[in-house]
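Below are the chains, spelled out letter by letter.
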Amino acid sequence: MKFKVLGLLGFGAILALTGCGQSNSGSSSQAQSSEAGKTDDSLKGTTLNLYTWDGMFPQEVLEGFTKKTGVKINYTNFDLDETMLAKLEETKGGDYDIVVADDYIVQLAIKDGLVAELDKSKISTYDNINPLFQGKFYDPDNKYTMPYGAGIPLIVYNPETVKTEITGYEDLWKPELAGNVGIVGNYRVIDGIALKTLGYSFNTNDLTQIQQAGDKLMNLAPNIRLINDNNLQDYLLSGEVGAAFMYTSQVSQALKANPELKAVYPKEGLGFGVMASFIPSKAPNAAAAYAFLDYINEPEVAAKCFEYIGYFVTNKAAEQYVSDEWKNLIVFPEDKLSLIEKGELIENISDEANELHNKIWEEFRQKTN
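Predicted model only: the values in this text are computed from it and were never measured.

Rules of the game
- Residues numbered from 1 in each chain as written.
- Predicted model: local features only at pLDDT ≥ 70, side-chain atom pairs only at ≥ 80, totals over all residues.
- Heavy atoms only, no water.
- Buried < 20%, exposed > 50% of the residue type's maximum accessible area, 1.4 Å probe, protein only.
- Helix = DSSP H or I, 4+ residues; strand = E, 2+ residues; numbered from the N terminus.
- Pairing = 2+ DSSP bridges.
- Core = buried A, V, L, I, M, F, W, Y, C linked by side-chain atoms within 4.5 Å.
- Domains from an automatic or database assignment.

Caption draft 1: Representation of the pairing of strand β5 (residues 154-157). Residue alternation in β5 divides its side chains into two sets, Leu154 and Val156 and Ile155 and Tyr157, and both sets are buried. Bridge count for β5 against strand β8 (residues 243-246) is four bridges, and the pairing is antiparallel. For Tyr157, the partnering residue across the bridge sits in β8 and is Ala243. Alignment of β5 against strand β9 (residues 262-264), held across three bridges, turns out to be antiparallel. Bridged to Tyr157 within β9 is Lys262.

Caption draft 2: Highlighting the nonpolar core. The biggest cluster of nonpolar side chains holds 125 residues, and the ones touching the most others in it are Phe57, Phe292 and Phe364. It is helix α9 (residues 286-296) that contributes the most residues to this core, eight residues altogether. A domain-level breakdown of this core finds at least three residues from each of domain 1 (43-151 + 273-332) and domain 2 (154-269 + 344-366).

Caption draft 3: Representation of the environment of Pro153 within the structure. As for its position among the elements, Pro153 is in the loop between β4 (145-151) and β5. Distance in space between the C-alpha atoms of Pro153 and Met246 is 5.3 Å, their sequence separation being 93 residues.

Listed below in structure tokens is the structure:
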């Protein structure tokens, strides 16, 4: 995840991605899959230009699309969302047919007129999308995008070595955790959990509230053993830290490797981000783009994608195809749905608020060294 952020990955910066499904479909899903199986022979021999981070789709899915449609995929990757937006601006919405990026940057691309409005009649599998992850700030009327995974950072700890119960962000400040906590290196995410412990929004532009959260964040420093954005799960699995606040893909990897670890859905409220797919406004092969969106939303195909990337499933019809070993990791628990409904996506904020977040983050990092 990606979800590499400036304004946010995204409860994002969900960086590591890793990766088949089972079968038990209902009649509705079968009908949709059958409809989606129809292909346009005129696409054969054309090329789909796909632009996203490296490793966002399993090779078998990419090859399956080419086998089904005869469309060759030209996969180009970017490192940061901002790189993608700059390239899209440079080409005025051309060059690429499908882009997958983080919510906050998609909002800017839409605002700049670089995203085409979707013709949903060309996506027979559109209704497979889970509405829980639609209608968000970046595309409130679902005109332009389809979600491709949700990132929801959680606290994970080892109950064998951590002898205090953790139920929310506030518990990370407990003195019992001195020198035993690992966190990701995203300033909006970490400043955000301090804001949530004070009852404030992740997205507040109130400088007084942000400073209050910053003051509280400094008190967390003695408990921080390390800040690592890429492979934090490895430090938890090795025992170097007893508790960690991690991105979704890292949480999935940690729990898959050690099911005895305990995942915490913080009581103060979840922050999350959505990766969204869209068709640029001047896509050279929009017909192939629609075929690709239709294909990756087939339930069985979508399940393979979600297992590969390790993010929460945003395709409701795909949930039944997620294998048992992954189901508890990437299918959002029914008993926690209210947390999503009350949760917040991290949005773009004012320049002044962002500058203060940056200042606080630098002071905090120095204090943890």
